[in-house]
Amino acid sequence: MHTNEDHIKLINGLVETTIDSADGYAEAAKDADNSRYKDLFERRAQERRSIASELQDEVRRLGGDPKDDGTILAAAHRAFLNLKDAVTKGDEAVVSEVEAGEDHIKAKYEKALQDTDVDAQTRAVIEKAWTSVKSGHDQMRDIKHMLKH
């Protein structure tokens with residue numbers, strides 16, 4: 001049986017990953033100055049920030065202290081640092097990097113959803129966040145495939 005502590009840790013892990021992802025999108029938007037994806041990246045960054053804040057509210061509801069920044073060590077963050085190099089290679093490289101970050105966040109959420117011990121409200125919060133995250137992931141995957149052809 002999980003304690004609340006475990007649930008808080010689980011959600012905080014998602015908070016960090018989601019903030020990493022928002023930061024990544026914000027970076028990508030900066031790097032995509034003359035890219036048709038700039039607006040898309042900016043919208044996604046905002047969307048991820050609002051998901052993170054809903055997750056933070058859930059941490060508070062569980063009596064925990066919500067994380068308010070990402071993990072510097074996150075694979076997603078590392079992937080986004082590669083953006084600096086990718087920019088010179090055009091849209092496809094930028095999209096590729098963003099998609100790598102998306103794969104990372106998707107895996108984190110899928111793992112969290114396997115935790116059957118969370119209460120119904122916590123689960124609902126995770127699922128709502130996941131729906132939004134998944135649409136970002138799938139969209140990036142589709143753009144990447146489109147750019148390859």
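In the nomenclature of an unreviewed UniProt entry, the protein chain corresponds to PA2169 family four-helix-bundle protein from the organism Caulobacter segnis.

Taken as a whole and judged by the stated rule, the model has 3 aromatic pairs. Taking the centre distance of 6.2 Å and the plane angle of 20° together, the rings of Y109 and W130 count as stacked. Residue Y109 is found in helix α5 (residues 91-113), and its partner W130 is found in helix α6 (residues 120-148); the two are separated by 21 residues along the sequence. A single burial state applies to Y109 and to W130, both of which are buried. Here the aromatic cluster, defined as three or more aromatic residues joined through ring pairs, consists of Y25, Y37 and F41.

Grouped burial of nonpolar side chains is what soluble globular proteins tend to show. Grouped together as the largest cluster of nonpolar side chains are 19 residues, with contacts concentrated most on I11, L14, I51, L55, Y109, I126 and V133. Elements with a contribution of two residues or more to this core: α1 (4-31), α2 (38-61), α5 and α6. With near-sequence residues (within four places) excluded, L55 lies in contact with I11, L14, V15, T18, Y109, V125 and A129. Counting 14 residues, the second-largest nonpolar core is a separate cluster that includes Y37, L40, A45 and I143.

When the pLDDT values of the protein chain are averaged, the result is 84; 83% of them are 70 or greater. Ranking the elements of the protein chain by mean pLDDT puts helix α3 (residues 75-81) last with 57 and α2 first with 94.

A word on the packing of α1 against α6. Where α1 meets α6, the closest approach of the two axes is 12 Å, and the angle between their N-to-C directions is 30°. Classed by the angle they form, the pair α1 and α6 counts as roughly parallel. Between α1 and α6 lies a crossing of left-handed hand. Counted together, L10, I11, L14 and Y25 of α1 and T122, I126, G136 and M140 of α6 form the full contact between these two elements. Counted by class, the contact of α1 with α6 contains 6 nonpolar, 2 polar and no charged residues.

What counts and what doesn't
- By convention here, each chain's residues receive numbers from 1 onward along its written sequence.
- Reporting of local features is limited, given that this is a predicted model, to residues whose pLDDT is at least 70; pairs of side-chain atoms are given and counted only at 80 or more, and all residues count toward the totals for whole chains, interfaces and linings.
- The basis for every side-chain value is the complete set of heavy atoms in the structure, and neither hydrogens nor water enter the calculation.
- Stacked, tilted and edge-to-face pairs are distinguished by plane angle, under 30 degrees for stacked and over 60 for edge-to-face with tilted covering the rest, among Phe, Tyr and Trp rings (Trp via its six-membered ring) whose centres lie within 6.5 Å.
- Think of it this way: any DSSP run of H or I at least four residues long counts as a helix, any run of E at least two long counts as a strand, and we number them from the N terminus.
- Residue exposure (1.4 Å probe, protein chains only): buried if accessible area is under 20% of the type maximum, exposed if over 50%, otherwise partly exposed.
- Here, the term nonpolar core denotes a set of buried Ala, Val, Leu, Ile, Met, Phe, Trp, Tyr and Cys residues that are joined through side-chain atoms within 4.5 Å.
- The contact criterion used throughout is that any non-hydrogen atoms of two residues lie within 4.5 Å.
- Confidence of the predictor at the level of single residues is captured by pLDDT, which takes values from 0 to 100.
- Angles here are taken between N-to-C directions and fall from 0 to 180 degrees, while the axes themselves are lines fitted to C-alpha atoms, restricted in helices to the stretch in contact.
- Oblique is the label for any angle not covered by the other classes, which are roughly parallel (under 35 degrees), roughly antiparallel (over 145) and roughly perpendicular (65 to 115).
- Two helices that cross are described as forming a left-handed crossing if the nearer one is turned anticlockwise from the farther one by less than a right angle, and a right-handed crossing if clockwise.
- Three categories are distinguished: nonpolar for Ala, Val, Leu, Ile, Met, Phe, Trp, Tyr, Cys and Pro, charged for Asp, Glu, Lys and Arg, and polar for the others, with Gly belonging to the last.

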